[in-house]
Amino acid sequence: MKNTDKTEQALFDKAKSDIAADMKSRGIGAIIWNTAMAGFQYQPEIVHHSEKDPSKTRVAEIMGLYDYEGTVYLIEEDRAPVKFSDFWDRDTEVAPTVVTLSPDAAHSELGDPTKVKGYTTQGTLEEWTAIADCYFQALIQD
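Residues numbered from 1 in each chain as written. Predicted model: local features only at pLDDT ≥ 70, side-chain atom pairs only at ≥ 80, totals over all residues. Heavy atoms only, no water.

> Tell me about the overall build of the protein, and please be specific about residues and values.
Counting its secondary structure elements, the protein contains 4 helices and 6 strands. Along the protein, from the amino end to the carboxyl end, the secondary structure elements read α-β-α-β-β-β-β-α-β-α. Against the 2.2 N^0.38 benchmark of 14 Å for 142 residues, the protein shows a C-alpha radius of gyration of 15 Å, consistent with a compact globule. Taking the principal axes of the C-alpha coordinates as reference, the protein spans close to 55 × 35 × 30 Å. Counting only residues that meet the buried cut, the protein has 42% of its 142 residues in that class. Partitioning the intrachain contacts of the protein with sequence separation of at least 6 by distance along the chain shows that 70% fall at a separation of at least 24. A total accessible area of about 8,400 Å² is found for the protein, and carbon and sulfur atoms account for 48% of it. Separation between the mean location of the 14 positive side-chain charges and that of the 25 negative ones in the protein comes to 7 Å. (Helix = DSSP H or I, 4+ residues; strand = E, 2+ residues; numbered from the N terminus. Rg over C-alpha atoms; globule rule 2.2 N^0.38 Å. Buried < 20%, exposed > 50% of the residue type's maximum accessible area, 1.4 Å probe, protein only. Contact = heavy atoms within 4.5 Å. Areas by Shrake-Rupley, 256 points an atom, 1.4 Å probe, with all protein chains shown as cover. Lys, Arg positive; Asp, Glu negative; His and termini not counted. Charge placed at Lys NZ, Arg CZ, Asp CG, Glu CD.)

As structure tokens, this is what we get:
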């Protein structure tokens, strides 16, 4: 591994740990956003590589972040067993743009991301940077 690759990986790891630390400091176990309503400057998506066949790729739209036991997972829209509409009452509430869950609520509602499809830690530094931007924009909208 080249020195620049090591430096980039160190920056990448620090960025992920900084997001986890920020979520923890705010008491957020998960943050879920409605991408269609949020109006993000960047599209929160990654190129996802199949774990069984790395030559297979797909674009995964990201609908939030889930801090599970110190690891931040991306929540894939239309793949994770998470529906934004499950977190508000359509009959009595106006649709939110962002929903935050406490660590206990996130664990209860979202479960173990290592045992269910739709949660990933994949993505490049550039993709995570765009998603981090969406995270901070979502915090402002919450």
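> Can you explain unusual backbone geometry? Please cite residues and give values.
Within the chain, Glu69 stands out as a residue other than glycine whose phi angle is a positive 50°. In this structure, Glu69 sits in the loop between strand 3 (57–68) and strand 4 (71–76). At Asp78, a residue that is not glycine, the phi angle is positive and equals roughly 65°. Structurally, Asp78 is set in the loop between strand 4 and strand 5 (98–101).

> Explain the packing of aromatic side chains to me, and be specific about the residues and the numbers.
A full pass over the atoms with the stated rule returns 5 aromatic pairs. Residues Phe12 and Trp128 carry aromatic rings whose centres are separated by 6.3 Å and whose planes lie at 70° to one another, so their mutual orientation is edge-to-face. On the criterion of sequence distance, the pair formed by Phe12 in helix 1 (residues 3–25) and Trp128 in helix 4 (residues 125–141) is long-range, its members being 116 residues apart. Residues Phe12 and Trp128 agree in their burial class; the two are buried. With a centroid separation of 5.4 Å and an interplanar angle of 90°, the aromatic rings of Trp33 and Phe40 are classed as edge-to-face. In terms of burial, Trp33 and Phe40 fall into one category: buried. (Phe/Tyr/Trp six-rings, centres within 6.5 Å; stacked < 30°, edge-to-face > 60°.)

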